[in-house]
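Structural features, examined
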Amino acid sequence: PRRISPSILGLHVSSAAPTIERSKLTCQAAQGEEVRTGELVGEDAASFDVEKQSVKSWSLFFVLLTTVLGALYVVWIQPGVGLADDYLTLLESFTNNNPEATMLLILFVFAIFHSGAAALRPKGEELIGARAYRVFFALGSLPLALVAIVYFINHRYDGTLLWDVKSVPGVHELVWILNFISFYFLYPSTFNILEVAAVDKPKLHMWETGIMRITRHPQMVGQAIWCAAHTLWVGSSVMVAASVGLMAHHLFGCWHGDQRLSNKYGEAFEVVKARTSTLPFKAILEGRQVLPPDYYKEFLRVPYAAVTAFTLGAYLFHPIMQGASFYLGW
């Protein structure tokens, strides 16, 4: 067993009452107790307690969501008025309208802002506060991500057709299953919607249960599965370029994410890192991660039910998404 002092977690503990609460979890490491194999140092992922939900908080969330989406349409999306047309025209001027290069450039700009802002988060939160910095982060990331999605939908079959296996029996079913599975590898912080919208104070979490037992970087693994499925189905050079750009960003994110957690949590993160792996199931096969007998219960939670509904909905709404993208013409 390992003994970790409270200071390792970067938490202030008074000598009189060393009491620390992290989400629903009281970490043995945070209280200076021995950390044995199987005992949690990080947080319980995807936990959702209905009784702790606030009507006021969720009402504020939907008001903010409606306001932001409305402003986004007027300022960024609206054809002939929004700035997205000018932004895309600027990027295409650098690539001579080459769709593969444009796709890569769009993803590169998004990656620079997204990862750069994440790296500057500690300093930014010191200057303007956690909620204000999250608003800045979201207002920058959302428009850039939207351009990437719409451009991808509109141009995914552009460039050179490298293969066409749509008529091969079983391919459609395989692609569907892979896409469905990929969404279960969403990073657990994605489920903290109230934090994403800055209704609750945003935090840099160190998750340890659920999908994190399989891989410490589920977002990268899910993106790899999604890219493999879509590249197989679409088979174009633009699709390959999109997959290369997405995976390059997510692979960098593996290193960057570990660095950020290490900077914040120190040795406590090293404990989590030692019993998890980047490659799916590697830590389990090596015996560093021991799954509890009732492991499946870590997925029988409201957020994963929401992921299931969202994934099915996204599939059914593909025609609407494509129609809206064609309407914007990016």
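In this text, all values refer to a predicted model and were calculated from it rather than measured experimentally.

Re the packing of aromatic side chains
Tallied over the full model, the rule gives 16 aromatic pairs. Geometrically, the ring pair formed by Trp 58 and Phe 61 is edge-to-face, given 5.6 Å between the ring centres and 80° between the ring planes. Separated by three residues within a single helix, Trp 58 and Phe 61 lie in helix 1 (residues 55-77), roughly one turn from each other. By way of ring pairs, the aromatic residues Trp 176, Phe 180, Tyr 184, Phe 191, Tyr 295, Phe 299, Tyr 304 and Tyr 315 are connected into one cluster.

Details of helix 8 (residues 218-234)
Here helix 8 spans 24 Å end to end across 17 residues, near enough to the 24 Å set by a 1.5 Å rise per residue. Of all 17 residues in helix 8, 12 are buried; the element is thus mostly enclosed. Those residues of helix 8 that sit buried are Pro 218, Met 220, Val 221, Gly 222, Gln 223, Ile 225, Trp 226, Cys 227, Ala 229, His 230, Thr 231 and Val 234. Those residues of helix 8 that are buried are in contact with helix 5 (130-155), helix 6 (171-182) and helix 9 (237-265). Just downstream of helix 8 lies Gly 235, where phi reads positive at about 75°.

Here's the deal with the environment of Leu 40
Tracing the sequence through the fold places Leu 40 in the loop between strand 2 (34-35) and helix 1. Overall, Leu 40 belongs to the buried group, its relative accessible area being 18%. For the pair Leu 40 and Trp 207, spaced 167 residues apart in sequence, the C-alpha to C-alpha distance is 9.5 Å.

Quick word on the nonpolar core
Within the largest apolar cluster, 43 residues are counted, with the highest numbers of intra-cluster contacts made by Trp 76, Ile 106, Val 147, Phe 152 and Trp 330. Those elements that place two or more of their residues in this core are helix 1, helix 2 (84-95), helix 3 (99-119), helix 5, helix 8, helix 9 and helix 12 (302-316). Non-local contacts of Trp 330, meaning those with residues more than four positions away in its chain, are made with Trp 76, Ile 77, Ala 84, Asp 85, Leu 88, Leu 146, Val 147, Val 150, Tyr 151, Asn 154, His 155 and Ser 325.

Topic: a nonpolar patch on the surface
On the surface, Phe 62, Leu 65, Val 68, Leu 69, Val 135, Leu 139 and Leu 142 cluster together to form a nonpolar patch covering roughly 570 Å² of accessible area. Within the residue set of the nonpolar patch, elements represented by two or more residues are helix 1 and helix 5. The element contributing the most residues to the nonpolar patch is helix 1, with four residues. Note that Leu 65 resides in helix 1. Residue classification places Leu 65 among the partly exposed positions, given a relative accessible area of 35%.

Looking at the packing of helix 5 against helix 13 (residues 318-328)
Where helix 5 contacts helix 13, the axes come no closer than 9 Å and their chain directions differ by 95°. Between helix 5 and helix 13, the angle is such that the two are roughly perpendicular. Between helix 5, through Val 150, Ile 153 and Asn 154, and helix 13, the contact on the second element is made entirely by Met 321, Gln 322, Ser 325, Phe 326 and Leu 328. Class assignment of the residues belonging to the contact of helix 5 with helix 13 gives a composition of five nonpolar, three polar and no charged.

A look at unusual backbone geometry
Phi at Ala 198 is positive, roughly 65°, even though this residue is not glycine. Note that Ala 198 resides in the loop between helix 7 (193-196) and helix 8. The phi angle at Phe 281 is positive, at roughly 70°, despite the residue not being glycine. Of note, Phe 281 is situated in the loop between helix 10 (267-274) and helix 11 (282-285).

With respect to the confidence of the model for the chain
A residue-level look at the chain finds 88% of positions with pLDDT of 70 or above and a mean pLDDT of 88. A low-confidence stretch, residues 1-35 (pLDDT under 50), is modelled with 71 contacts involving residues beyond four sequence positions or located in other chains.

Criteria and cut-off values
Residues numbered from 1 in each chain as written. Predicted model: local features only at pLDDT ≥ 70, side-chain atom pairs only at ≥ 80, totals over all residues. Heavy atoms only, no water. Phe/Tyr/Trp six-rings, centres within 6.5 Å; stacked < 30°, edge-to-face > 60°. Helix = DSSP H or I, 4+ residues; strand = E, 2+ residues; numbered from the N terminus. Expected span 1.5 Å × (residues − 1). Buried < 20%, exposed > 50% of the residue type's maximum accessible area, 1.4 Å probe, protein only. Contact = heavy atoms within 4.5 Å. Core = buried A, V, L, I, M, F, W, Y, C linked by side-chain atoms within 4.5 Å. Patch = residues over 30% accessible without salt bridge, like charges linked within 9 Å, V, L, I, M, F, W, Y side chains within 5 Å. Areas by Shrake-Rupley, 256 points an atom, 1.4 Å probe, with all protein chains shown as cover. Salt bridge = Lys/Arg side-chain N within 4 Å of Asp/Glu carboxyl O. Axes fitted to C-alpha atoms, helices over the stretch in contact; angles between N-to-C directions. Parallel < 35°, antiparallel > 145°, perpendicular 65-115°, else oblique. Nonpolar A, V, L, I, M, F, W, Y, C, P; charged D, E, K, R; others polar. pLDDT = per-residue confidence, 0-100.

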